[in-house]
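Take a look at the letters that make up each chain.
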Amino acid sequence: MFDFLKKKPEKTEPAKPSAKPAAPARSGFSPDDLARAFTVHQEEKAARLEAELAEGREAMKGTLGGSLFARSLGGLFSRNPQLDEDLLDEIETALITADMGVPATTEVVERLRKRMKDRDFADVPALFRALRNDLLAMLKPVAKPLEIDATAKPFVILTVGVNGVGKTTTIGKLARRFQLDGHSLMLAAGDTFRAAAVEQLKIWGERNQVHVVAQGQDADPASVAFDGLQTAKAKDIDVLIADTAGRLHTQQGLMAELGKIRRVLAKLDARAPHEVLMVIDGTTGQNALNQLRQFHAAVKVTGLVVTKLDGTAKGGVVFALAREFGLPIRFIGLGEKPEDLRVFDPEGFVDALLPAAPAA
Ligand SMILES: Nc1nc2c(ncn2[C@@H]2O[C@H](COP(=O)(O)OP(=O)(O)OP(=O)(O)O)[C@@H](O)[C@H]2O)c(=O)[nH]1
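Residues numbered from 1 in each chain as written. Predicted model: local features only at pLDDT ≥ 70, side-chain atom pairs only at ≥ 80, totals over all residues. Heavy atoms only, no water.

An unreviewed UniProt entry lists the chain under the name Signal recognition particle receptor FtsY, with Arenimonas donghaensis DSM 18148 = HO3-R19 as the source organism. Of the comments in the UniProt record for the chain, the one headed Catalytic activity (unreviewed entry) reads "GTP + H2O = GDP + phosphate + H(+)". (UniProt positions renumbered as here; feature names shortened; annotations may be inferred.)

So this is what it looks like as structure tokens:
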């Protein structure tokens, strides 16, 4: 980060004692230099994000275009060219089938119904635009990319979720992303329940030159997390990602263990973990809501990753999660390759799910 600021400060004559030392003397950089560097860095980051979003929109069209959500809505507008109840009924059925859940679907359809009665729509394309806007309005408040707070050293990410949702895979993808962003990184193999998970992380770490803190199978995951944070602090690491074993939201003992990990981390840094990232399998359907409710109660989730939206996922659950919890959706998973973890982009997501706008 700020590579071009890493030049050695020029040597200066020892300053004569004065009542008011000049501000830049400590680092060799003036406040203006630092402000300029910060601006350049922010601009580079924004440009990279913009490029990634553009690329992601293409990828989303390709993968989500085949989802049940897209397929259910696909022929709907050409089959119902009239502004009438049949059209609204079909939209309602399509959204429910696509896993949006009853409350979110009812909210969207009732709003369209009211506007249709108020004669707000001149034609079907106008209703389609309103539907798109309503769907976007649900997602925009939760589109908050994960920002690594440089004042938190290390920035600790605790990943949680039910078994097999893609936590360990997501950690690998995230780690690669943070490395590309120039952050130094360490992993804590807290999934001590499944020996293969520790091995999986270790192999990944060796291959990518990332130190993995592990204590072997059956170790106390809170102890692994503590060890990880202590080591990361000692090595001045930017980001520590701690894995945890998958657990069912109904397993109370295991859910309580998550609270313990959180408390143990806070002993070393009162603000840690800085992000509790819950990974949710997008194919889970409405049960994802129950999972999040329980995990949030146990460990206070601060961000979500919804994976496997490329598979048999219907896509609608993303709206239901956003509506009910309002928690930031940081990333979505569109496949198993590293680049398939995409920053959540509501416009790209909605446009990939909706068919082309009907002709007037
Ligand atoms: N299609 C698809 N597969 C994914 C995605 N993310 C993860 N997977 C796959 O899901 C499977 C489970 O992933 P893991 O990372 O092992 O899941 P986990 O949550 O760590 O599993 P536990 O340790 O058992 O809790 C693997 O086969 C991954 O390749 C995704 O976005 N799309």
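Right, picking up where we left off after that structure.
Novice: Looking at this model, I keep getting lost on the packing of aromatic side chains. Mind explaining?
Specialist: Given two aromatic rings, their pairing is described by the distance between the two centres and the angle made by the two planes. Enumeration according to the criterion identifies 3 aromatic pairs in this entry. Ring geometry for phenylalanine 77 against phenylalanine 128: centres 5.2 Å apart, planes inclined by 85°, an arrangement best described as edge-to-face. A residue pair is termed long-range when its members are at least 10 positions apart, and phenylalanine 77 in helix α3 (residues 76-79) and phenylalanine 128 in helix α6 (residues 124-139) qualify at 51 residues. Neither phenylalanine 77 nor phenylalanine 128 differs from the other in exposure class; each is buried. (Phe/Tyr/Trp six-rings, centres within 6.5 Å; stacked < 30°, edge-to-face > 60°. Helix = DSSP H or I, 4+ residues; strand = E, 2+ residues; numbered from the N terminus. Buried < 20%, exposed > 50% of the residue type's maximum accessible area, 1.4 Å probe, protein only.)

Novice: How should the environment of glutamine 82 be read in this particular structure?
Specialist: One can find glutamine 82 in the loop between α3 and α4 (85-97). The sequence separation of glutamine 82 and aspartate 123 amounts to 41 residues, and the corresponding C-alpha distance is 7.7 Å. In this structure, glutamine 82 is in contact with Leu87 and Val124, ignoring residues within four places of it in sequence. (Contact = heavy atoms within 4.5 Å.)

Novice: What am I meant to see in the sheet that holds strand β6 (residues 303-307) here?
Specialist: Sheet strands line up and pair through hydrogen bonds in the backbone, either parallel or antiparallel. Here 8 strands make up an open sheet; going across it, the order is β3-β2-β4-β1-β5-β6-β7-β8 and the pairing mixed. At either margin of the open sheet sits one strand with a lone partner, and together these are β3 (211-213) and β8 (341-343). Mean inter-strand twist for the sheet, computed between neighbouring axes without regard to direction, equals 25°. Pairing between strand β1 (residues 155-160) and strand β5 (residues 275-281): 4 bridges, direction parallel. Bridge pairing in β5 links valine 160 to methionine 278. Here helix α7 (residues 167-180) sits on the sheet and contacts β1, β2 (185-188), β4 (239-242), β5, β6, β7 (329-333) and β8; the angle it forms with β8, its principal contact strand, is near 60°. (Pairing = 2+ DSSP bridges. Axes fitted to C-alpha atoms, helices over the stretch in contact; angles between N-to-C directions.)

Novice: What exactly am I supposed to notice about helix α9 (residues 221-234) here?
Specialist: The periodicity of an α-helix, 3.6 residues per turn, causes residues three or four positions apart to be oriented the same way. For α9, built from 14 residues, the straight-helix expectation of 20 Å at 1.5 Å per residue is met to within 8% by its first-to-last C-alpha distance of 20 Å. By the burial criterion, the buried members of α9 are Pro221, Ala222, Val224, Ala225, Gly228, Leu229 and Ala232. End-on view of α9: buried residues confined to an arc of 160°, all on one side of the axis. The elements touched by buried residues of α9 are β1, β2, β3, β4 and α10 (252-268). The backbone nitrogen of alanine 222 lies 3.0 Å from a side-chain oxygen of the residue at the head of α9, namely aspartate 220. Phi turns positive one or two residues past the end of α9, at aspartate 236, with a value near 60°. (Expected span 1.5 Å × (residues − 1). Arc of directions from axis to C-beta. Polar contact = N/O pair within 3.5 Å; in protein donor to acceptor, adjacent residues only side chain to side chain.)

Novice: Could you clarify how one ought to interpret the site of the ligand in this entry?
Specialist: Near the ligand there are 18 residues, and of these Lys167, Thr168, Thr169, Asp310 and Glu336 occur at the shortest range. Here an oxygen atom of the ligand sits 2.8 Å away from a polar atom, N or O, in the main chain of lysine 167. Separating an oxygen atom of the ligand from a backbone N or O atom of lysine 308 is a distance of 3.0 Å. Taking 670 Å² as the accessible area of the ligand by itself, protein coverage stands at 80%. Looking at the shell around the ligand, the element that brings in the most residues is α7, giving 4 residues. Of the residues in the shell around the ligand, the class split is 2 nonpolar, 9 polar and 7 charged. (Near = heavy atom within 4 Å. Areas by Shrake-Rupley, 256 points an atom, 1.4 Å probe, with all protein chains shown as cover. Nonpolar A, V, L, I, M, F, W, Y, C, P; charged D, E, K, R; others polar.)

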